[in-house]
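Notes for the structure review
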Amino acid sequence: MTFATLGLIEPLLRALETLGYQTPTPVQAQAIPAVLAGRDLMAAAQTGTGKTAGFAVPLLQLLTMEGPKVAANSARALILCPTRELAEQVHASVAEYAQNLPLTTYAVYGGVSINPQMMKLRKGVDILVATPGRLIDLFRQNALKLNQLQTLVLDEADRMLDLGFSEELANIYRMLPKKRQTLLFSATFSDDIRQLAGQMLNDPLSIEVSPRNVAANTVKQWVVPVDKKRKPELFVHLMRKGRWKQVLVFAKTRNGVDALVDKLQGLGINADGIHGDKPQATRQRALDRFKSSDVQILVATDVAARGLDIEDLPLVVNFDLPIVAEDYIHRIGRTGRAGNTGEAISLVCADEVNMLSAIEMLTRQTLARHMEQDFEPEHRVPDTDASGQVVKKPKKPKKPKSSGGGGKRNLGKWVDSGEVAPAEPSIKPVRKVPVFNTGPRKKK
Ligand code: AMP
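In this report, we go over the structure that sits alongside the text. (Residues numbered from 1 in each chain as written. Predicted model: local features only at pLDDT ≥ 70, side-chain atom pairs only at ≥ 80, totals over all residues. Heavy atoms only, no water.)

1. Describing the overall build of the chain
As a reminder of what qualifies: Helix numbers and strand numbers start at the N terminus; a helix is a DSSP run of H or I with at least 4 residues, a strand a run of E with at least 2. Buried, partly exposed and exposed residues are distinguished by accessible area as a fraction of the type maximum, computed with a 1.4 Å probe on protein chains only: under 20%, between the cut-offs, and over 50%, respectively. We call two residues in contact when some of their heavy atoms are within 4.5 Å. Residue exposure ignores everything except the shown protein chains as possible cover, and the areas themselves are Shrake-Rupley values with a 1.4 Å probe.
Each helix and strand counted, the chain has 14 helices and 17 strands in total. Across the 444 residues in the chain, those meeting the buried criterion constitute 55%. For the chain, the share of sequence-separated contacts (at least 6 apart) that also reach a separation of at least 24 residues comes to 77%. Accessible area for the chain stands at about 20200 Å²; split by element, carbon and sulfur atoms hold 50% of it.

Structural data, given as structure tokens:
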């Protein structure tokens, strides 16, 4: 199959050729014809498998071929993203795909001055990429009207529909025309979100090009059990031992990010951090410098978990496990993209066993454990598997110390290996979802 056989017009084919896209990825092969046919979509595909082009390319074609010229202070298509960095990245991709078309594109997000954005919107833009908060501000200040909107895309749709964004999304829905095309794209969809999403769509086509909620199979994953207080030391040890060149590290909290960055920088390691408390320009600069390999270690909260495309990133480290199991899939999906291989290592302490269990259950695999010599935890991480069982072994009575010395012994490397047969999840997904009334939908 080629992009030409999917019915794309020549200016788009030329742009894709310039970008070196030779054949459509599976999600593109299914999504492009469906979007061109005007269908509503719910599309699930693994991280890094070309979802952006899957919605943006056919959208550009529809906007070129159909509909009126964009009016002042209006947008004809809206792509909503959960983070500013992702909005910036998606917009950069859209602009590349649109390079030979007479369409205008723009991205708006918070943390930067609103005035230039208001100015830019005066003439209207064909495709607007936005984070929800800033979009609402612009709408309320009459800088943006949405009555011309033909298509709404929710990128990282399950994140956009969960509790954190529910109020903003409900507000945005009230601003949109009822008659429109709606496209939802994500690597993860919980059952609750699928149900909610189903209510928002009109006769949707569901595309699933891989089993649900799995990480790209190009990512080799394992876990290193360790005591919580020794995580920084273990990280530095592994980094030196493995001669890590470029690593994206996820920590749970903003303070956790700052503390690890300080520690690494104190050791003369080229590290930077990114989290929601930092000014937007600092965030974007840290990310850009990491992408261009000017920064070796980027430590981030889950603000960097979704969608970011860092070319050839070899390694993701979970310094802490994510609270929400789905975020694990997105975090490790920053590596192993576009068919490349990658590695994801999680440093797991006894406190995190329930999170580990939830991740294994969601992804239907038991993660291999690798005990690192001299870092064996005093607080044992109980055994887990994909069934959601946490096996707490009774404590062994202490042996009397022998006089023959010997000390701690390394138990060898792989203490639990490989993937096990898929098991059906037995508990509910971790993330709760909101229920908001999307109102009756008019038939198109
Ligand atoms: P995405 O999942 O949209 O972030 O895309 C992941 C990466 O794959 C990006 O670097 C894209 O530029 C690249 N990509 C997307 N589609 C194709 C394709 N058909 N051929 C080659 N590379 C692609």
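Resuming the write-up.
2. Describing unusual backbone geometry
The backbone phi angle of S293 is positive, close to 65°, even though this residue is not glycine. Within the secondary structure, S293 is located in the loop between α12 (280-291) and β11 (297-300).

3. Digging into the packing of helix α3 (residues 51-65) against helix α4 (residues 84-97)
Quick reminder of the rule: To obtain each axis, a line is fitted to C-alpha atoms, and for helices this fit is confined to the stretch in contact; angles are then taken between N-to-C directions over 0 to 180 degrees. For classification purposes, an angle smaller than 35 degrees is called roughly parallel, one larger than 145 roughly antiparallel, one from 65 to 115 roughly perpendicular, and anything else oblique. In this scheme the crossing of two helices becomes right-handed for a clockwise turn of the near helix relative to the far one and left-handed for an anticlockwise turn of less than a right angle. Gly is put with the polar residues, along with every residue not named as nonpolar or charged; the nonpolar set is Ala, Val, Leu, Ile, Met, Phe, Trp, Tyr, Cys and Pro, and the charged set is Asp, Glu, Lys and Arg.
Two elements in contact, α3 and α4, have axes whose closest approach is 10 Å; the angle formed by their N-to-C orientations is 45°. Between α3 and α4, the crossing angle belongs to the class labelled oblique. Here α3 and α4 pass one another in a crossing that is right-handed. Packed against α3, whose contacting residues are T52, A53, F55, A56, V57 and L60, the element α4 presents V90, S93, V94 and Y97 at the interface. Partitioning the contact of α3 with α4 into residue classes produces eight nonpolar, two polar and no charged.

4. Some points on the pairing of strand β3 (residues 105-108)
What counts here: Should DSSP find at least two bridges between two strands, the strands are regarded as paired. Orient the strands so they point away from the viewer, and a crossover whose first-strand-to-second-strand path over the helix runs clockwise is right-handed.
The alternating pattern of β3 places T105 and A107 on one face and Y106 and V108 on the opposite face, and all of these are buried. Judged from the four bridges that link them, β3 and strand β4 (residues 125-130) form a sheet pairing that is parallel. The residue of β4 that forms the bridge with A107 is V129. Each parallel crossover has a hand, and for β3 linked through helix α5 (residues 115-121) to β4 it is right-handed.

5. Some points on α3
Our working rule: Multiplying 1.5 Å by the helix residue count minus one yields the expected span of that helix.
If you check α3, its first and last C-alpha atoms are 22 Å apart, about what 15 residues at 1.5 Å a residue would give, namely 21 Å. Across the 15 residues that make up α3, a large majority, 13, are buried. Just past α3, the residue G67 takes up positive phi, approximately 85°.

6. Things to note about the pattern of salt bridges
Spelled out, the test is: Here, a salt bridge means any side-chain nitrogen of Lys or Arg that lies within 4 Å of a carboxyl oxygen of Asp or Glu.
Scanning the model with the defined rule gives 17 salt bridges in all. In this structure, R159 engages D162 in a salt bridge whose closest nitrogen and oxygen atoms are separated by 3.0 Å. With its nearest N and O atoms 2.7 Å apart, the salt bridge here joins D302 to R331. Here the residue D302 occupies a position in the loop between β11 and β12 (315-318), and R331 occupies one in helix α13 (residues 325-332), the gap between them amounting to 29 residues. Residue classification places R331 among the buried positions, given a relative accessible area of 0%.

7. Focus on the site of the ligand
Just so we agree on the cut-off: When at least one non-hydrogen atom of a residue lies within 4 Å of a molecule or strand, that residue is treated as near it. Under the rule applied, a polar contact is a pair of N or O atoms within 3.5 Å (in protein, one hydrogen donor and one hydrogen acceptor; residues adjacent in sequence only if both atoms are side-chain atoms). Domain delimitation in this document rests on an assignment produced automatically or drawn from a domain database.
Neighbouring residues of the ligand: 13 residues in total, closest Y21, Q28, T52, D309 and R337. T52 places a side-chain nitrogen or oxygen 2.7 Å from an oxygen atom of the ligand. Within the contact set of the ligand, an oxygen atom lies 2.5 Å away from a side-chain nitrogen or oxygen of D309. Burial of the ligand by the protein amounts to 78% of the accessible area it has alone, namely 490 Å². Here the residues of the shell around the ligand sort into three nonpolar, seven polar and three charged. Looking at the shell around the ligand, you find at least three residues from each of domain 1 (4-208) and domain 2 (219-391).

8. Points about the side chain of H330
Structurally, the position occupied by H330 is in helix α13. On the basis of relative accessibility, which here comes to 0%, the residue H330 falls in the buried class. Of the polar contacts made by the side chain of H330, one reaches the side chain of R306; its length is 2.9 Å. The contacts of H330, once residues within four sequence positions are left out, are T47, E156, D158, S186, A187, T188, A305 and R306.

9. Some remarks on the nonpolar core
Convention followed: As used in this record, nonpolar core signifies buried Ala, Val, Leu, Ile, Met, Phe, Trp, Tyr and Cys residues forming a set joined through side-chain atoms within 4.5 Å.
In this structure, L60, I79 and L248 are the most contacted members of the largest nonpolar core, which totals 57 residues. In terms of residue count, α3 provides more of this core than any other element does, eight residues in total. The two domains that each donate at least three residues to this core are domain 1 (4-208) and domain 2 (219-391). Not counting residues up to four positions away in its chain, the partners in contact with L248 are F290, L298, A300, I310, L313, L315, V316, V317 and R334. L149, L169, F189 and I193 belong to the second-largest nonpolar core, a separate cluster that totals 38 residues.

These figures come from the coordinates and say nothing about function on their own.
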